[in-house]
Amino acid sequence: MKEDFLHYIWKYKKFNFNILQTATGENLTIENVGSYLENAGPDFFNGQITISGQKWAGNIELHLKSSDWYLHHHEKDTAYENVILHVVWEHDVDIFQKNNVEIPVLILKNYVSNDFIHNFEILSTKKSWIYCENQLQDIDNFTYSNWMERVFIERLERKQKPIDELFLKLNKDWEAVLFCLLAKNFGLNTNGTAFLDLAQNIPFAIIRKESSDPINLEALFFGFCGLLDTEKEDRYYKELQNRFGYLVLKHQLDFKRTVPLQFFKLRPDNFPNIRLSQLANVFFKNSQLFSDCIKVTSIKEANQIFNVTVSEYWQTHYTFDKVSPKRTKKLSSKFIELIMINTIIPLQFAYFKSRDEEIQERLIATLHEIQPESNAIIDKFKSVGIAVKNAYDSQSLLQLKNEYCNLKKCLSCGIGIHLLNTTKETKNT
């Protein structure tokens, strides 16, 4: 038994509250279970009860055992002086206030159905992966669909928060926000932090001014990332070095070294110099990038916006000084899908939220036409019988796993609650 289960039972009245008695045999009526408090102090505030005809108003505290009152030192805490009812699963000791008045006790397990307890035990028994892995595929479509939409919106709201903070940090410049988000996306998991650091160190006004020449942008990106720090014989390398030095002086840049870049274990197409060249060409190609990204509603439109390649030098190189067979190194369709999922969709949500416009349905429709991400979590959901057809499904399931399953918040999860309530919930005593 867990205390959060008691809180759930009490909050949602999952017990036979029509015929109740205190531990001492007095008739008890619950007028109001109170307001659930998740911070310090009693669990439920401003409850209302009647004991043997006498009405009481005050706070209600829940414990697995009565003796937990003393274990938690509530007898020394003034916040618990107005507790009118002690709700417990097991009553092992009488509890008294400072004035030596005994606190009435309700033994909750006497009024909860065996079926309901059994459902909780099944749900909370540890499985090989998540608690409901053996029942998840049997959830009815209405319950499952509603909860998936709920967790998807939660995921958007979680992503919105750092975007809002970035917006304020960058003097409410949405174009600068897009630059930072794209930079992080282009860095992927390995170099995302370094690329974001780069984008925050270069004022976007300078990106606007220099975007007519992608080589200037490359020089800025490479220079700030420390890729131009050594001496090489390569002609293009020297050109970038010269341009970077000139641009630092021209714009009076406060040059700060970014987080070191990583090449280890990366596929050549994901080398940071390749991704930085592609990023430079994104801003070279489209002077109205933010406007286009805010309006995009399909992966087809996104493919047109991000139909870019590397500069000429990088078509025949993966690193300086070493020639390789010529390849245009265009952004792949899979990479553009990741841009849509991780940058464009969250940016659109945050932008239109700032304008008090709701676009959730549009975003859901967009994600329905994008392939789902492929990772260990999604593969595991598939293995337990869950269909993952598109990016909307995978994004929702990632939120479910990370924010509910991993934290064992079954009693806050729509699926967990449904499983808990699939059979008769109360019994008569």
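Residues numbered from 1 in each chain as written. Predicted model: local features only at pLDDT ≥ 70, side-chain atom pairs only at ≥ 80, totals over all residues. Heavy atoms only, no water.

Just to check I follow, could you spell out the layout of surface pockets for this structure?
Any space left empty among the atoms is revealed by the rolling of a water-sized probe across them. Its volume calculated, the largest pocket comes out at about 1,000 Å³. If you go around the largest pocket, you meet 34 residues; those closest to its centre are Lys 184, Asn 185, Leu 188, Asn 189 and Asn 342. Every element with two or more residues in the lining of the largest pocket is listed here: α4 (141–169), α5 (174–201), α9 (272–285) and α12 (333–354). Looking at the lining of the largest pocket, the element that brings in the most residues is α5, giving 9 residues. Of the residues that constitute the lining of the largest pocket, the class distribution is 10 nonpolar, 11 polar and 13 charged. In this structure, the second largest pocket spans a volume of roughly 420 Å³. Together, 18 residues line the second largest pocket, and Ile 84, Val 101, Glu 102, Ile 103 and Pro 104 are the ones closest to its centre. Each residue belonging to the lining of the second largest pocket can be placed in one class, and the counts come to 9 nonpolar, 5 polar and 4 charged. (1 Å grid on protein atoms, 1.4 Å probe; cavity = no way out; pocket = protein on both sides within 12 Å on 5 of 7 lines; lining within 4 Å. Points joined across faces, edges and corners; volume = space filled by probe spheres on them. Helix = DSSP H or I, 4+ residues; strand = E, 2+ residues; numbered from the N terminus. Nonpolar A, V, L, I, M, F, W, Y, C, P; charged D, E, K, R; others polar.)

When you look at the pattern of salt bridges in this model, what are you seeing that I'm missing?
One pass over the structure, following the stated rule, counts 12 salt bridges. Of the charged contacts, one joins Asp 213 and Arg 243 as a salt bridge, the two residues approaching to 2.8 Å between their closest N and O atoms. On the criterion of sequence distance, the pair formed by Asp 213 in the loop between α6 (204–210) and α7 (214–224) and Arg 243 in helix α8 (residues 235–250) is long-range, its members being 30 residues apart. As a salt-bridge pair, Glu 357 and Arg 355 come within 3.2 Å of each other at their nearest N and O atoms. For Arg 355, a relative accessible area of 44% gives the class partly exposed. Connected through shared salt-bridge partners, Asp 173, Glu 175 and Arg 208 make up one network. (Salt bridge = Lys/Arg side-chain N within 4 Å of Asp/Glu carboxyl O. Buried < 20%, exposed > 50% of the residue type's maximum accessible area, 1.4 Å probe, protein only.)

What am I meant to see in the packing of aromatic side chains here?
For any pair of aromatic rings, the description rests on two quantities: the centre-to-centre distance and the angle between the ring planes. Enumeration according to the criterion identifies 29 aromatic pairs in this entry. Residues Phe 179 and Phe 221 carry aromatic rings whose centres are separated by 6.0 Å and whose planes lie at 25° to one another, so their mutual orientation is stacked. Here Phe 221 lies in helix α7 and Phe 179 lies in helix α5, a separation of 42 residues in the sequence. Here Phe 179 and Phe 221 have matching classes, each one buried. A centroid spacing of 5.9 Å and a plane angle of 65° characterise the contact between Phe 204 and Phe 283, whose relative ring orientation is edge-to-face. Taken together, the positions of Phe 204 in helix α6 and Phe 283 in helix α9 put the pair 79 residues apart, joining distant regions of the chain. Given a relative accessible area of 6%, Phe 283 falls into the buried group. Through pairs of rings, three or more aromatic residues link up here, namely Phe 222, Tyr 236, Tyr 237, Tyr 313, Trp 314 and Phe 320. Sitting over the face of the ring of Tyr 237, Lys 232 holds its NZ or CZ atom 5.7 Å from the ring centroid. (Phe/Tyr/Trp six-rings, centres within 6.5 Å; stacked < 30°, edge-to-face > 60°. Lys NZ or Arg CZ within 6 Å of the ring centre and 35° of its normal.)

Explain the side chain of Asp 43 here, please?
Position of Asp 43 relative to the elements: it lies in the loop between β3 (35–36) and β4 (44–51). Within the local environment of Asp 43, its side chain forms a polar contact with the backbone nitrogen of Leu 62, the two atoms lying 2.9 Å apart. If sequence neighbours within four positions are ignored, Asp 43 has contacts with His 7, Ser 35, Tyr 36, Leu 37, Ile 60, Glu 61 and Leu 62. (Polar contact = N/O pair within 3.5 Å; in protein donor to acceptor, adjacent residues only side chain to side chain. Contact = heavy atoms within 4.5 Å.)

What is the right way to read unusual backbone geometry from this model?
Backbone phi values are negative for most residues with the exception of glycine, while trans is the configuration of most peptide bonds. Its identity as a non-glycine residue notwithstanding, Gln 252 has a phi of 50°, on the positive side. The residue Lys 265 is not glycine, and still its phi comes out positive at about 65°. Tracing the sequence through the fold places Lys 265 in the loop between α8 and α9. In this structure Lys 265 comes out as exposed when scored by relative accessible area, which is 75%.

Looking at this structure, how should I read the side chain of Gln 395?
Position of Gln 395 relative to the elements: it lies in helix α15 (residues 391–405). Assessed through its relative accessible area of 3%, Gln 395 is described here as buried. Not counting the four nearest positions on each side in its chain, Gln 395 is found in contact with Phe 152, Arg 155, Lys 159, Ile 341 and Glu 373.

Can you help me understand the confidence of the model for the protein chain in this one?
Regions with low pLDDT carry predicted coordinates that are not meant to be interpreted in detail. Here the protein chain shows a mean pLDDT of 94. Residues at 70 or above account for 98%. Long-range and interchain partners of residues 424–429, a stretch whose pLDDT sits below 50, account for 20 contacts in this model, where long-range means more than four residues apart. (pLDDT = per-residue confidence, 0-100.)

Explanation requested: the pairing of strand β5 (residues 54–65) in the structure shown.
Note on strand geometry: in a regular strand, side chains alternate between the two faces of the sheet. Pairing geometry for β4 and β5, over 6 bridges, is antiparallel. Its bridge partner being in β5, Phe 44 is matched across the sheet by Ile 60. Between β4 and β5, which follow one another and run antiparallel, lie 2 residues, and Ser 52 among them has a positive phi close to 50°. The pairing of β5 with strand β6 (residues 83–90) spans 6 bridges and is parallel. In the strand pairing of β6, Lys 65 is matched with Glu 90. (Pairing = 2+ DSSP bridges.)

Explain α15 here, please?
The α-helix winds at 3.6 residues per turn, so residues separated by three or four positions along the chain end up facing the same way. Taking 1.5 Å of rise per residue, the 15 residues of α15 would be expected to cover 21 Å, and the 20 Å separating its terminal C-alpha atoms lies within 8% of that figure. Extensive coverage of α15 is indicated by the burial of 13 of its 15 residues. Measuring from the backbone nitrogen of Tyr 392 back to the side-chain oxygen at the start of α15 gives 3.2 Å, which picks out Asn 390 as the cap. (Expected span 1.5 Å × (residues − 1).)

What is the right way to read the nonpolar core from this model?
Side chains of nonpolar character tend, in soluble globular proteins, to be buried together. In terms of nonpolar packing, the biggest core is built from 110 residues, with Phe 221, Phe 283, Phe 306, Leu 400 and Ile 415 touching the most fellow members. If one sorts the elements of this core by residue count, α5 sits on top with 14 residues. Residues within four places of Phe 221 in sequence aside, it is in contact with Phe 179, Leu 198, Ile 202, Ile 207, Leu 276, Leu 279 and Ala 280. If you look at the next biggest cluster of nonpolar residues, it comprises 28 residues, including Phe 44, Ile 49, Val 87 and Trp 89. (Core = buried A, V, L, I, M, F, W, Y, C linked by side-chain atoms within 4.5 Å.)

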